Amino acid sequence: MNSGIKKVLVIGGGFAGMTAALQLSRGGFAVDLVEIDPQWRSYGAGISLHGSTLRVLKQLGLIERFLDVGYATDGVEMRGPDDSVVVTLPTPRVAGPELPGGGAIMRPALAKMLSEAVRASTTNIRLGLTFTDLSQDADGVSATFSDGSRGRYDLVIGADGLNSAVRAKVFPNAPKPRFIGQSVWRAVLPKPEGIETVTMWMGPKLKVGMNRVTKDTVYLFLTEDRATNDHVAPESFVATLRALLERFPSPIIRKIASELSAEHQIVYRPLEQMLLPRPWYANRVVLIGDAVHATTPHLAAGACIGIEDAMVLAEELSAGADLTSALSAFEERRYERCRMVVENSGRLADIEIEGGNREEHASIMQVSMKTLAGAI
Ligand SMILES: Cc1cc2nc3c(=O)[nH]c(=O)nc-3n(C[C@H](O)[C@H](O)[C@H](O)COP(=O)(O)OP(=O)(O)OC[C@H]3O[C@@H](n4cnc5c(N)ncnc54)[C@H](O)[C@@H]3O)c2cc1C
């Protein structure tokens, strides 16, 4: 095998880990994927995808499936707190002239698409399992697992998300995820009349947006600043989100507020971020996805860059260089793009929390979206 790597362990079966397992097994590597959740679940909220993610789905042969179960549109419409359109940001058709510049899908639908593709590959999937130890020497990594079994690998990929145990093991001094003083509410609703593409309403200190996850449904997101990361009781979700929506004069948002109910799959999530300074690998263990660059969702690009990490890593491992050169090339190609997403998302959050300059907000969005549309 190229780069001397034959056997790979992927720890974590989220969007990044699934993509890595899929692409590496298709490339002829022997892949074990361990996922801690015995049911391999994903929670019921929508997720927005840039054209750059559609480009990867196309490369994976999954774009038709995405178009069946998700939805793709062009452009992002930014409105004031009423329904006045402030600016429409273009989303370049980076996945090809036939495909819109962005899209959205329910998370379980995206996870199902990817997990079915992984199941159909040669990947050895082990659910309800994690590692208990990883020990490296010059020739490989010995892993022990929570069921007492052991394995020997040429490379271990940590794709175990924001609170990565692989990161804690390999980079004990890594920065901890930081609460940024803002939280997100999400819900799934029938598509309001007149909403065709991603639409955001910028209110004083609150932002609400929606994106179509199917022809007839949207997922709604609302960012709210909160000084502390306290527990919010699920029984209060409907009343709290309704009160926040009622702060917008937009008739569309007011109507949603009046009709909001527990049926709308409301999810509340405090926002955290973490960017691991380079290096992103230690000998034979490398990190991808949120494990190494967890961003807030202000550019809706966290899953996008994690999925891209997987593709670039598979490409570099197949390219024929030695392992260290492959991992170094992976990091070189990924660091700046991922840093941009984490830091620009953080700046957007700060502007929203401060009730700051809307032109700066729109300009950061535009520049970041243009960068994301670039080649990886
Ligand atoms: C509110 C919110 C909205 C967002 N919206 C968007 C959006 O619209 N578009 C977008 O692109 N991104 C969005 N993101 C970011 C996106 O959700 C993440 O970047 C993405 O899910 C990260 O994928 P991952 O595979 O790296 O990690 P995860 O999705 O966290 O997956 C990690 C996997 O590892 C498993 N695991 C954890 N620990 C272990 C262990 N010790 N052993 C084995 N398995 C383990 C977990 O069960 C999980 O399956 C949003 C994030 C938030 C918080």
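The structure displayed is predicted, hence computed values, not measured ones. (Residues numbered from 1 in each chain as written. Predicted model: local features only at pLDDT ≥ 70, side-chain atom pairs only at ≥ 80, totals over all residues. Heavy atoms only, no water.)

Some points on the overall build of the protein chain
For clarity, the threshold we go by: Elements are defined by DSSP. Helices are runs of H or I of four residues or more, strands are runs of E of two residues or more, and each kind is numbered from the N terminus. C-alpha atoms define the radius of gyration in this analysis, and the globule rule sets the expected value at 2.2 Å times the number of residues to the power 0.38. A simple rule labels every residue: compare its accessible area, found with a 1.4 Å probe on the protein chains alone, to the largest value its type can have, and call it buried under 20%, exposed over 50%, or partly exposed in between. Here, two residues are considered to be in contact whenever any of their heavy atoms come within 4.5 Å of each other. Only the protein chains shown count as cover for residues, with accessible areas throughout obtained via the Shrake-Rupley method and a probe of 1.4 Å. Only four residue types enter the tally: Lys and Arg on the positive side, Asp and Glu on the negative side, with His and both chain ends excluded. Think of each charge as sitting on NZ of Lys, CZ of Arg, CG of Asp or CD of Glu.
Tallying secondary structure elements over the protein chain gives ten helices and 20 strands in all. At 21 Å, the protein chain has a C-alpha radius of gyration in line with the 21 Å of a compact globule built from 376 residues. In terms of overall dimensions, the protein chain has a C-alpha envelope of 65 × 45 × 35 Å along the principal axes. Classification of the 376 residues of the protein chain by burial places 57% in the buried group. Put simply, of all contacts in the protein chain between residues at least 6 apart along the chain, 72% involve residues at least 24 apart. Taken as a whole, the protein chain presents about 15100 Å² of accessible surface, with 51% of it coming from carbon and sulfur. Of the side chains in the protein chain, 40 bear a positive and 43 a negative charge, and the two mean positions are spaced by 1 Å.

Brief notes about the site of the ligand
Inclusion rule: One heavy atom within 4 Å of a molecule or strand is enough for the residue carrying it to be called near that molecule or strand. Nitrogen and oxygen atoms within 3.5 Å of one another constitute a polar contact, given that in protein one can donate a hydrogen and the other can accept it, and given that sequence-neighbouring residues count only through two side-chain atoms. Residues are sorted three ways: Asp, Glu, Lys and Arg are charged, Ala, Val, Leu, Ile, Met, Phe, Trp, Tyr, Cys and Pro are nonpolar, and all the rest, Gly among them, are polar. Marked domain ranges trace back to an automatic or database domain assignment.
The ligand sits among 30 residues. The nearest are Glu35, Ser48, Arg107, Thr130 and Asp290. At 3.0 Å, a backbone N or O of Ala16 approaches an oxygen atom of the ligand. Between a nitrogen atom of the ligand and a main-chain N or O atom of Gly302, the distance comes to 3.3 Å. Protein coverage of the free-state accessible area of the ligand, which is 1000 Å², stands at 85%. Looking at the shell around the ligand, the elements that each hand over two or more residues are α1 (15–26), β2 (30–35), β3 (46–50), β17 (267–275) and α8 (302–318). Tallied by class, the residues present in the shell around the ligand amount to 16 nonpolar, eight polar and six charged. When we break the shell around the ligand down by domain, the ones giving at least three residues each are domain 1 (7–42 + 111–176 + 272–372) and domain 2 (180–269).

Observations regarding the sheet that holds strand β7 (residues 102–106)
Selection criterion: Any two strands with at least two DSSP-identified bridges between them are counted as paired. The angle between two axes is taken between their N-to-C directions and runs from 0 to 180 degrees, where each axis is a line fitted to C-alpha atoms and a helix contributes only its stretch in contact.
Ordered by their spatial adjacency, three strands build an open sheet running β3-β7-β4, and the pairing between neighbours is antiparallel. If you trace the sheet from one side to the other, it starts and ends with β3 and β4 (71–73), each paired once. Strand-to-strand, the axes of this sheet are offset by a mean angle of 25°, without reference to chain direction. By the bridge criterion, three bridges tie β4 to β7 in an arrangement that is antiparallel.

Considerations on the side chain of Ser48
Here Ser48 lies in strand β3. Only 2.9 Å separates the side chain of Ser48 from the side chain of Asn211, close enough to count as a polar contact. A polar contact is formed between the side chain of Ser48 and the side chain of Tyr219, at a distance of 2.8 Å. The residues touching Ser48, leaving out its near neighbours within four places in the chain, are Gly103, Ala104, Asn211, Tyr219 and Ala300.

Read these as layout, nothing more, since geometry by itself doesn't imply function.
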